[in-house]
Amino acid sequence: MPRQHVNTHIAMIVCVCLCLLAYLSWSAPEPDINASAPASDSERTTSAAASDPDAETSAPAPAPATASAPGPDFDSPQSVTVVVNKHRPLTDRAYVPGDLADASGVQLRAEAAAAYLQMSADAAAAGIGLTAVSGFRAADAQGLLHDSYTQNYGVSTAEAISARAGFSEHQTGLAVDIGNNDGACSLQSCFATTPAGAWAAANAHRFGFIIRYPNGAEHITGFTYEPWHLRYVGPDVAQKLFDAGITLEEHAGLPPAPGY
Ligand SMILES: [Zn+2]
């Protein structure tokens, strides 16, 4: 082969190589395009999930599940299951419920008042006369009552039968002291043996009320037996406590609160 041809071939090969190199370097950005592929993949996944009824159902599921997971609220003053005792005062000492309503002459939270009126009507239908003796009590009134008990009965008795200001669930508007129409055994343990007391013990839970300070539970609740002191917690919780025969503290998994 003549040298000139060889040179021409070499020149052509070099030229082809240069062209190849040029082409390769021109197409080099392709990996960048690939690099962005995952983003479009995730977009595809998202849009696929959005158009998939099952995916739509399952995707938002964790949020509602998380929102509905917590059980009864034992802490907020506004909660009907709030636990107020000698360890757990109301966080806002001046707390006054925003929805107080009349319940046969006393004031209770609207839900508790409606339940009380239903309960009272049901008792009346069974020939039992219930009287609402005391309902919502503001902190100052509770303090005066506690002072009065202290002066009349001494500190020890006063602490066992009445809460200090800010520590009474009467302030939540969810507690009501009941009595017989004739006033028999008013605010005394013998109330349990009266028609109203016996009827309440057997039926109050059907309307969402519990005997908050049961007999023999002073070491847990901090208060002696008060068969007249009903506490609204709602029908579900009331039924559970009634069936199990336990205090609200035990139901809530809270430690006993015998003293301050
Ligand atoms: Zn009471």
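Residues numbered from 1 in each chain as written. Predicted model: local features only at pLDDT ≥ 70, side-chain atom pairs only at ≥ 80, totals over all residues. Heavy atoms only, no water.

The name given to the chain in an unreviewed UniProt entry is M15 family metallopeptidase, with the source organism recorded as Arthrobacter pullicola.

Looking at this model, I keep getting lost on the coordination of the zinc ion. Mind explaining?
The expected angle between donors at a tetrahedral four-coordinate metal is 109.5 degrees. At an octahedral six-coordinate metal it is 90 or 180 degrees. With distances of 2.1 to 2.8 Å, the protein atoms coordinating the zinc ion are His 170 (NE2), Asp 177 (OD), Asp 177 (OD) and His 229 (ND1). Coordination geometry of the zinc ion: the four donor atoms subtend angles of 51 to 154 degrees at the metal centre, consistent with an arrangement described as irregular. Positions of the donor residues of the zinc ion along the chain correspond to the pattern H-x6-D-x51-H. Under the relative-accessibility criterion, His 170 is labelled buried at 4%. (Donors = N, O, S within 2.8 Å, 3.2 Å for Na, K, Ca; no water. Tetrahedral: all angles 85-135°; square planar, octahedral: opposite > 155°, others 65-115°. Buried < 20%, exposed > 50% of the residue type's maximum accessible area, 1.4 Å probe, protein only.)

Can you help me understand the packing of aromatic side chains in this one?
Here the distance between the centres and the angle between the planes together describe a pair of aromatic rings. Per the stated rule, a full pass over the model turns up five aromatic pairs. When the ring of Tyr 213 is compared with that of Phe 223, the centres are 4.9 Å apart and the planes differ by 55 degrees; the resulting orientation is tilted. Here Tyr 213 is found in the loop between strand E5 (209-211) and helix H10 (218-221), whereas its partner Phe 223 is found in the loop between H10 and strand E6 (229-232), with 10 residues between them in sequence. Accessibility assignment for this pair places Tyr 213 and Phe 223 in one class, buried. The ring of Phe 223 carries the charged tip of Lys 86 above its face, separated from the ring centre by 4.5 Å. Over the ring of Tyr 260 we find Arg 164; its NZ or CZ atom is 3.8 Å from the centre of that ring. (Phe/Tyr/Trp six-rings, centres within 6.5 Å; stacked < 30°, edge-to-face > 60°. Helix = DSSP H or I, 4+ residues; strand = E, 2+ residues; numbered from the N terminus. Lys NZ or Arg CZ within 6 Å of the ring centre and 35° of its normal.)

Please clarify how the pattern of salt bridges should be interpreted in this entry.
Between side chains of opposite charge, a pair can form when the charged atoms approach closely. Here the structure, examined in full by the defined rule, presents nine salt bridges. A salt bridge links Asp 122 to Arg 206; the shortest N-O distance between them is 2.8 Å. One end of the pair, Asp 122, is in helix H6 (residues 110-125); the other, Arg 206, is in the loop between helix H9 (195-203) and E5, with 84 residues separating them in the sequence. Between Glu 169 and Arg 212 there is a salt bridge, and its shortest N-O distance comes to 3.1 Å. Of this pair, Glu 169 sits in the loop between helix H8 (155-161) and strand E4 (175-180) while Arg 212 sits in the loop between E5 and H10, and the two are 43 residues apart along the sequence. Residue class for Glu 169 comes out buried when judged on its relative accessible area of 1%. The buried category is assigned to Arg 212, whose relative accessible area is 1%. One salt-bridge network, held together by shared partners, links Glu 169, Arg 212, Arg 231 and Glu 249. (Salt bridge = Lys/Arg side-chain N within 4 Å of Asp/Glu carboxyl O.)

Would you mind going over the state of the cysteines with me for this structure?
Each disulfide consists of one covalent bond between the sulfur atoms belonging to two cysteines. Scanning the entire structure with this criterion turns up one disulfide. Sulfur-sulfur distance for the disulfide between Cys 185 and Cys 190 comes to 2.0 Å. Measuring the twist about the S-S bond at about -115 degrees, one finds the Cys 185-Cys 190 disulfide to be left-handed. Cys 190 sits in the partly exposed class, given a relative accessible area of 28%. (Disulfide = S-S within 2.5 Å.)

Hey, could you run me through the sheet that holds strand E3 (residues 130-134) in this one?
As a general point, the strands of a sheet are linked pairwise by backbone hydrogen bonds and lie either parallel or antiparallel. Read across the open sheet, the four strands follow the order E3-E4-E6-E5; overall the sheet is antiparallel. Edge positions in the sheet fall to E3 and E5, since each of these pairs with one other strand and no more. In this sheet, neighbouring strand axes are inclined to one another by 40 degrees on average, regardless of whether the strands run parallel or antiparallel. Alignment of E5 against E6, held across three bridges, turns out to be antiparallel. Within the sheet, the bridge partner assigned to Ile 210 lies in E6 and is Arg 231. (Pairing = 2+ DSSP bridges. Axes fitted to C-alpha atoms, helices over the stretch in contact; angles between N-to-C directions.)

I keep staring at H9 and nothing clicks. Help me out?
Among the residues of H9, those classed as buried are Ala 196, Gly 197, Trp 199, Ala 200 and Asn 203. The arc that holds the buried residues of H9, viewed along the axis, is 165 degrees, so those residues lie on one side. (Arc of directions from axis to C-beta.)

It is not clear to me how H6 should be interpreted in this structure. Could you clarify?
Structural remark: α-helix, 3.6 residues per turn; residues separated by three or four positions point the same way. Under the 1.5 Å per step criterion, the end-to-end length of H6 is 23 Å for 16 residues, consistent within 8% with the ideal 22 Å. Buried within H6 we find Ala 112, Ala 113, Ala 115, Tyr 116, Met 119, Ser 120 and Ala 123. For H6, the angular spread of the buried residues around the axis is 160 degrees, confining them to a single face. Opposite the buried face of H6, by more than 90 degrees, sit the exposed residues Gln 118 and Ala 125. One or two positions beyond H6, positive phi appears at Gly 127, with a value near 85 degrees. (Expected span 1.5 Å × (residues − 1).)

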